[in-house]
Amino acid sequence: MSKVLTPVLVLHENGKPTRALSIRAANFVIGRDAGCDLVLPDPSVSERHAEIKAIGDKRIVDDLDSDSGVFVSGRRVEFHVLRPGDRVQIGVFLVEYLEDDSAAAAETSTRGWQMDAATYGELVARQGSIRLDAGIKHVATITSDDDPNQSWKPDEGMVFGSAGVPVEGIGASAEVVWDGRAHVVRRLGWRSSLSVNGQVVDSHVLASGDRFQVGKSKFRYD
């Protein structure tokens with residue numbers, strides 16, 4: 001018999017996990033209004049900004065016609081089927097979606113609790129797909145798919161193109177920057193092209209395993 005997993009939202013503030021909420025209700029509303037299940041008190045958040053809904057054994061996040069939108073991995077979405085490790089941007093807040101089968105999660109109410117690094121680390125370890133924010137900046141590596149012997153540590157950021165790592169393609173240029181929570185790859189210049197995991201983008205919040213292409217040159221982020 002398969003285990004029943006409890007959906008858990010982890011709120012990140014200033015680049016660190018601070019609060020976790022388990023979701024028991026079929027519909028869980030996030031917004032600025034005091035009546036929401038998760039209240040995010042900031043003008044960048046609409047009164048009723050987004051809703052997490054149970055559809056069968058899946059959870060989806062649904063944009064409730066918010067002013068600033070809902071973003072998953074740097075891409076604006078109207079709705080999105082959530083997977084463990086997904087990071088959802090709502091206004092200035094970053095909310096991470098996890099699933100847990102521990103007693104701690106099962107006993108949690110939507111009031112939440114303060115998280116220490118050990119608690120978060122244990123929860124993340126069970127997901128097997130993401131890492132602690134605190135270490136990402138310093139352990140992340142970008143490797144050339146064209147020449148695996150070439151790799152770089154992005155740390156605070158790096159540039160691809162004539163001003164940095166050479167890439168193929170006329171006018172091809174991009175940058176990877178650290179936004180305080182994660183590395184973000186951005187297209188530079190109107191002539192440049194950028195794609196991540198086969199999809200053309202202007203910018204994208206990088207996750208381990210992502211492959212991106214600047215011009216004709218391909219790279220992997222780990």
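A brief report on the enclosed structure follows. All values reported here derive from a predicted model rather than from experimental measurement.

Tallying each qualifying case throughout the model produces four aromatic pairs. Ring geometry for tryptophan 152 and phenylalanine 219: centres 6.0 Å apart, planes at 65 degrees, overall edge-to-face. Taken together, the residues tryptophan 152 in strand E14 (residues 151–152) and phenylalanine 219 in strand E22 (residues 217–221) connect sequence positions 67 residues apart. Members of the aromatic cluster, each reached through a chain of ring pairs, are Trp152, Phe160, Phe212 and Phe219.

Take the pairing of strand E17 (residues 183–187) next. Looking at chain direction, strand E16 (residues 174–178) and E17 are connected through five bridges and run antiparallel. The residue of E17 that forms the bridge with tryptophan 178 is histidine 183. Bridge count for E17 against strand E20 (residues 203–205) is three bridges, and the pairing is antiparallel. Bridge assignment links valine 185 to a residue of E20, and that residue is histidine 204.

Pairing in this open sheet of six strands is antiparallel, and the strands run E14-E13-E22-E21-E18-E19 from one edge to the other. A strand with exactly one partner marks an edge of an open sheet, and here the two such strands are E14 and strand E19 (199–200).

What counts as what
Residues numbered from 1 in each chain as written. Predicted model: local features only at pLDDT ≥ 70, side-chain atom pairs only at ≥ 80, totals over all residues. Heavy atoms only, no water. Phe/Tyr/Trp six-rings, centres within 6.5 Å; stacked < 30°, edge-to-face > 60°. Helix = DSSP H or I, 4+ residues; strand = E, 2+ residues; numbered from the N terminus. Pairing = 2+ DSSP bridges.

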